[in-house]
Amino acid sequence: MKAFVSFSGGKDSQACLIWAVKTWGQKVEAVFCDTGHEHPLTYIHVQEVCDQLGVALHTLKSKKYAGFGDMSIQKGRFPSTKARFCTEELKIKPMVDFVLSQETDLLVIQGIRKDESNSRSKMEEQCHYFKGWIEPYGKDKKGRPRFNTYRKKDVLIHMERYSSTIMRPIFDWTSQDVINYILENNQKPNPLYYKGFSRVGCFPCIMCRQSELKLIIEKYPEHIDKIKEWESGMEKKDRHFFPPNYIPKRAMTNRIWPTTDDVVKYIKGKNETIEVFEEPEGDGRCMSYYHLCE
Ligand code: SF4
């Protein structure tokens, strides 16, 4: 049997990786799905954590797309909260391909916590990896059950031959429990948390909070330039990264859809308002969402 930890570079999966190594030793392996749209610090962190724990790292990429930007341009649109094909194409499919390529019983360890969201709270601490292929995971618009269909034939063959189980060992932990566990085990979470980001993943994610986008605009403008480049590479010029309701219509040049320039202008102009509600920067206070300053 093999045990793999789905490691995103975020704190939850890091805690899982530490937990798994403490439980099973170095035979555990880490799997990182590279969207091609991560912060450089995340790539470094992923490698450093694996080196520190002495575990093998598998970096998976989409076989179809050269990363987030290429995927969006090829599809002629950016993903959205309603059409989150980014997760499917850049994370789920590469991971399913990886699982199917393992000709043995498998344990896949995921850093999912029930207090992250309502949908996550309904998940189980342990289940079959391919559960969504054999049991409905939801309903479509007409109320019909929805199943995963990706490589279904291969999935059924794999299921006949091997067991593949998902385990979520930190399901009941709080985010602060996770941070404490990482620190107690002489590691540090991804440096992005120290810089004021509450989530690690695509930089930025399509669901990025405005306060985090403000940090990116100020400190990492090259990531904004990258989005603009993708937008200008779109065949249809009305396809933009940020959702239509991300900023008020009055702040949009065309009153229909915000361009990245519109969003940047709005967020910069809104700086003072945001700071009324959020922790100010640069006055010696901890910038970290999880109070990471010792
Ligand atoms: S982090 Fe955000 S943008 Fe990236 S794959 Fe996940 S949902 Fe999509």
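Each chain has its residues counted from 1, following the order in which its sequence is written. This being a predicted model, a pLDDT of at least 70 is required before a residue's local features are given, and a value of 80 or more before pairs of side-chain atoms are given or counted; all residues contribute to the totals for chains, interfaces and linings. Side-chain numbers come from the whole structure's heavy atoms, not from hydrogens or water.

**Considerations on the side chain of Thr-35**
- In this fold, Thr-35 is placed in the loop between strand 2 (29-33) and helix 2 (40-53).
- Classification of Thr-35 as buried rests on a relative accessible area of 2%.
- At 2.7 Å, the side chain of Thr-35 forms a polar contact with the side chain of Glu-38.
- Residues within four places of Thr-35 in sequence aside, it is in contact with Gly-67, Phe-68, Leu-90, Lys-91 and Cys-202. Helix and strand definitions here come from DSSP, where helices need a minimum of 4 consecutive H or I residues and strands a minimum of 2 consecutive E residues; each element is numbered from the N-terminal end. Each residue's exposure class comes from its accessible area (1.4 Å probe, protein chains only) as a fraction of the maximum for that residue type: buried when under 20%, exposed when over 50%, partly exposed otherwise. Here a polar contact is recorded for every N or O atom pair within 3.5 Å, except that within protein the pair must consist of a potential hydrogen donor and a potential acceptor, and residues adjacent in sequence are included only if both atoms are side-chain atoms. Two residues form a contact once any of their heavy atoms are found within 4.5 Å.

**Focus: the site of the ligand**
- Distances are taken per atom, and a residue is near a molecule or strand as soon as one of its heavy atoms is within 4 Å of it. Residues in close proximity to the ligand include Phe-68, Arg-84, Cys-86, Thr-87, Lys-91, Cys-202, Cys-205, Ile-206 and Met-207, which together make up its full environment.
- When residues in the shell around the ligand are grouped by element, the largest group, 3 residues, is from helix 4 (residues 85-101).
- Three residue categories are used. Nonpolar comprises Ala, Val, Leu, Ile, Met, Phe, Trp, Tyr, Cys and Pro, charged comprises Asp, Glu, Lys and Arg, and polar comprises the others, including Gly. Of the residues contributing to the shell around the ligand, the split by class is 6 nonpolar, 1 polar and 2 charged.
- Residue assignment places the shell around the ligand across two domains, with domain 1 (2-184) and domain 2 (191-277) each supplying three or more. Start and end positions for the domains come from either an automated domain assignment or a database one.

**Observations regarding the pattern of salt bridges**
- The rule for a salt bridge is simple: a side-chain nitrogen of Lys or Arg has to be within 4 Å of a carboxyl oxygen of Asp or Glu. A full pass over the atoms with the stated rule returns 17 salt bridges.
- Residue Asp-34 is joined to Lys-61 by a salt bridge in which the shortest nitrogen-to-oxygen separation is 3.7 Å. Of this pair, Asp-34 sits in the loop between strand 2 and helix 2 while Lys-61 sits in the loop between strand 3 (56-60) and helix 3 (68-75), and the two are 27 residues apart along the sequence.
- Classification of Lys-61 as exposed rests on a relative accessible area of 53%.
- Taking the shortest distance from any N to any O, the salt bridge between Lys-75 and Glu-89 comes out at 4.0 Å. Here the residue Lys-75 occupies a position in helix 3, and Glu-89 occupies one in helix 4, the gap between them amounting to 14 residues.
- Through salt bridges with shared partners, a single ionic network connects Lys-11, Asp-12, Arg-113 and Asp-115.

**Quick look at helix 3**
- Buried within helix 3 we find Phe-68, Gly-69, Met-71 and Ser-72. Burial along helix 3 is one-sided: seen end-on, the buried residues are contained in an arc of 165 degrees.
- Lining the buried residues of helix 3 we find helix 4 and helix 11 (221-232).
- Just beyond helix 3, the residue with positive phi is Gly-76, at close to 75 degrees. Relevant arc is that of directions from the helix axis to the C-beta atoms, nothing else.

**A short note on the environment of Gly-67**
- Examined against the element boundaries, Gly-67 turns out to sit in the loop between strand 3 and helix 3.
- For Gly-67, a relative accessible area of 6% gives the class buried.
- With residues up to four places along the chain from it excluded, the contact list for Gly-67 reads Thr-35 and Leu-90.

**Examining the nonpolar core**
- Judged by nonpolar contacts, the single largest core of 33 residues is most densely connected at Phe-68 and Leu-213.
- Broken down by secondary-structure element, the contributors of at least two residues to this core are helix 3, helix 4, helix 9 (191-194), helix 10 (210-219), helix 11 and helix 12 (260-277).
- Here this core spans two domains, and each of domain 1 (2-184) and domain 2 (191-277) adds at least three residues to it.
- Excluding anything up to four places from it in sequence, Phe-68 contacts Thr-35, His-37, Phe-78, Pro-79, Cys-86, Leu-90, Cys-202, Ile-206, Trp-230 and Phe-241.
- In this text, buried Ala, Val, Leu, Ile, Met, Phe, Trp, Tyr and Cys residues form a nonpolar core when linked through side-chain atoms within 4.5 Å. One finds Val-5, Ala-30, Ile-109 and Tyr-181 within the second-largest nonpolar core, a separate group that totals 25 residues.

**Quick look at the packing of helix 1 (residues 11-24) against helix 2**
- In the contact formed by helix 1 and helix 2, the axes pass within 11 Å of each other and the chain directions differ by 15 degrees. As far as their axial angle goes, helix 2 and helix 1 are roughly parallel. Where helix 1 crosses over helix 2, the handedness of that crossing is right-handed. Counted together, Gln-14, Leu-17, Ile-18 and Val-21 of helix 1 and His-45, Val-49, Cys-50 and Leu-53 of helix 2 form the full contact between these two elements.
- Residues that form the contact of helix 1 with helix 2 fall into these classes: 6 nonpolar, 2 polar and no charged. Fitting a line to C-alpha atoms yields each axis, with helices limited to the stretch in contact; the angle taken between N-to-C directions then spans 0 to 180 degrees. Here roughly perpendicular refers to angles of 65 to 115 degrees, roughly parallel to angles under 35, roughly antiparallel to angles over 145, and oblique to all remaining angles. Handedness of each helix crossing follows the sense of rotation of the near helix against the far helix: counterclockwise by less than a right angle gives left-handed, clockwise gives right-handed.

**Observations regarding the domain arrangement of the chain**
- What the domain assignment lists for the chain is domain 1 (2-184) and domain 2 (191-277).
- Placing the centre of domain 1 and that of domain 2 at their C-alpha centroids yields a distance of 26 Å.
- The partner domain 2 presents 23 residues to the 26 residues of domain 1 that form the contact.
- Defined here as a combined quantity, buried area equals the accessible surface (1.4 Å probe) lost by two parts on assembly, summed across both. Summed over both partners, the interface of domain 1 with domain 2 buries about 2,100 Å², with 72% contributed by carbon and sulfur atoms.
- Among the residues of domain 1 in contact with domain 2, His-37, His-39 and Phe-78 are the three that bury the most area, contributing 34% of the side total.
- Summed over the shared surface of domain 1 and domain 2, the number is 1 salt bridge.
- In this structure, the salt-bridge partner of Glu-116 is Arg-199, at a minimum N-O distance of 3.9 Å.
- Counting the contacts that link domain 1 with domain 2 gives 5 residue pairs in polar contact (both at pLDDT 80 or more).

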